[in-house]
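Residues per chain are reported as follows:
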Amino acid sequence: MVEAFVVTFGSSSVPSGHILRTECRPLRPAVARRAKRAQLTASSATTSTTPSTPPPSAPQVSASEVKYRSLESNTWVFEVSPADAKPPLRIFVDPWLVGFLEFFSPAFYRASKSAISSSTKVSDYGQIDAILISQNLPDHLHTPTLSQMPKNIPIICDPSSVAPLTQLGFSDITPLPHGCSTDLFGGVVSVAASPGALVGPPWATRKNAYTVTVPIAGEEGRRFSLFYEPHADPDPTSLAQIKPVDAVLTPITRAALLPEILDYPLVKGIPEATDLVKSLGARKAIVLQNGSTAGSGVLDKAIEICGTRAEFEKELQKKGLGSVEVVW
């Protein structure tokens, strides 16, 4: 577990962040029925069903510090220290914590992480207070990891993830359609969903991007905000409604399928990441470590990856974003 940055709140050096959310559309009937079966009345997170607007005054709860830690690939931890000195709250995002990552079969695609051994268990990672899942694909919804987790952990996810999570036995599931928001831990953390990566044909429903916000202790009405989209492919039309943010978490390593024939981007890279940082006015660009795994199989041989930190920083300078801090 590598600590990437720490932000301590309560000083004037912390920039303001705010979220402008779209009207929260109701779930499609089939999704709504699955969500109703999946949720318990004891859920600690409730999805908004009316248009969300910034509160007129500071929330009753706030945080004194946030930490981001990378666990390689799409996995990261967002740790929040409440201002009332309670123990830190830890949200695991797209958790792949044990075993291998496989698509269909090991012969087709298998990947491993350097930090995971054959004896690694989910319990080795300590307290997990909530889970955030952006997509229903194995590199975001990792079944071997989730199978080892307590099934009463609150999960916020895109609607397509409800069915597999329910099948795994989870009981506290909050599906978050585009344009909706929800709170965790009594309002210490707010999560808003917007259209994320297009995975599949042009008419497919986009996966989820998330903006995570935390009220700042001692700074009335101000919040720290972080935007996350794991493919550097959010819907451009939605970005104007979620600016400014303090930090963007994005990949810069482009992964292209059959580059000499199709050059189809499975994950976009430096140009799109740079445009995202500029569109959202971020002061920090946190690089998602999506190219850090070791792969094998037929699919792995058909994928080409490219993109370095030096190239990213050069592109930021070219676009007039030289003051943006790159967190690797």
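Predicted model only: the values in this text are computed from it and were never measured.

## Looking at the overall build of the protein
When helices and strands are counted, the protein shows seven helices and 20 strands. The 328 residues of the protein split such that 52% are buried. Pairs at least 24 residues apart make up 65% of the contacts formed inside the protein by residues separated by at least 6 positions. Counting only carbon and sulfur atoms, one obtains 55% of the accessible surface of the protein, whose full area is about 14,600 Å².

## With respect to the sheet that holds strand β6 (residues 110–112)
The strand order across the open sheet formed by three strands is β5-β6-β18, and the pairing between neighbours is antiparallel. Two strands bound the open sheet, and with one partner strand each, they are β5 (101–102) and β18 (294–296). Relative to β18, β6 runs antiparallel, the two sharing three bridges. Within β18, the residue paired with Ser 112 across the bridge is Ala 294.

## Structural notes on the sheet that holds strand β11 (residues 189–195)
Overall, mixed pairing links the seven strands, which are arranged β10-β11-β12-β13-β14-β17-β20 in an open sheet. Each of the sheet's edge strands pairs with one partner strand only, and the pair in question is β10 (181–184) and β20 (325–327). Adjacent strand axes in the sheet meet at a mean angle of 20°, parallel and antiparallel pairs treated alike. Relative to strand β12 (residues 208–215), β11 is paired through six bridges, and the arrangement is antiparallel. Within β12, the position partnered with Ala 192 by the bridge is Thr 211. Across the sheet, helix α5 (residues 270–280) lies against β13 (223–228), β14 (247–250) and β17 (284–287), angled at about 160° from β14, the strand it touches most. Each of β17 and β20 is contacted by helix α7 (residues 309–318), which is oriented at about 160° to β20, the strand it contacts most.

## Side note on the pattern of salt bridges
Oppositely charged side chains can pair when the atoms bearing their charge come close. If you walk through the whole model with that rule in mind, you get 11 salt bridges. Between Glu 79 and Arg 90 there is a salt bridge whose closest N-O contact spans 3.4 Å. With Glu 79 in strand β3 (residues 76–82) and Arg 90 in strand β4 (residues 89–93), the pair connects residues that are 11 residues apart, well separated along the chain. Arg 90 shares its class with Glu 79; the two are buried. Note that Asp 233 and Arg 206 form a salt bridge whose closest N and O atoms lie 3.8 Å from each other. With Asp 233 in the loop between β13 and α4 (236–239) and Arg 206 in the loop between β11 and β12, this residue pair connects regions lying 27 residues apart in the sequence. Exposure remark for Arg 206: the relative accessible area of 22% places this residue in the partly exposed category.

## Side note on empty space enclosed by the protein
Scanning all chains against the criterion turns up one cavity of 30 Å³ or more. One number sums up the size of the largest cavity: a volume of about 40 Å³. Lining the largest cavity, in full, are Trp 76, Phe 78, Ile 91, Val 93, Leu 132, Ile 156, Leu 184, Val 191 and Val 212. Looking at the lining of the largest cavity, the elements with two or more residues in it are β3 and β4.

## A look at the nonpolar core
The biggest cluster of nonpolar side chains holds 31 residues, and the ones touching the most others in it are Trp 76, Phe 78, Val 189 and Leu 226. Among the nonpolar cores identified, the runner-up in size contains 27 residues, and Val 122, Ile 133, Leu 141 and Phe 170 belong to it.

## As for the packing of α5 against α7
Think of two packed helices as two axes; the pair is described by the angle between the axes and how far apart they sit. Interaxial distance between α5 and α7 falls to 10 Å at its minimum, and their mutual angle equals 45°. Here α5 is positioned oblique relative to α7, judged by the angle of their axes. The interaxial crossing formed by α5 with α7 has right-handed handedness. Listed contacts from α7 to Ile 270, Ala 273, Thr 274 and Val 277 of α5 are Glu 311, Phe 312, Glu 315 and Leu 316. In terms of residue class, the contact of α5 with α7 is built from five nonpolar, one polar and two charged.

What counts as what
Residues numbered from 1 in each chain as written. Predicted model: local features only at pLDDT ≥ 70, side-chain atom pairs only at ≥ 80, totals over all residues. Heavy atoms only, no water. Helix = DSSP H or I, 4+ residues; strand = E, 2+ residues; numbered from the N terminus. Buried < 20%, exposed > 50% of the residue type's maximum accessible area, 1.4 Å probe, protein only. Contact = heavy atoms within 4.5 Å. Areas by Shrake-Rupley, 256 points an atom, 1.4 Å probe, with all protein chains shown as cover. Pairing = 2+ DSSP bridges. Axes fitted to C-alpha atoms, helices over the stretch in contact; angles between N-to-C directions. Salt bridge = Lys/Arg side-chain N within 4 Å of Asp/Glu carboxyl O. 1 Å grid on protein atoms, 1.4 Å probe; cavity = no way out; pocket = protein on both sides within 12 Å on 5 of 7 lines; lining within 4 Å. Points joined across faces, edges and corners; volume = space filled by probe spheres on them. Core = buried A, V, L, I, M, F, W, Y, C linked by side-chain atoms within 4.5 Å. Parallel < 35°, antiparallel > 145°, perpendicular 65-115°, else oblique. Left-handed = near helix turned anticlockwise from the far one by under 90°. Nonpolar A, V, L, I, M, F, W, Y, C, P; charged D, E, K, R; others polar.

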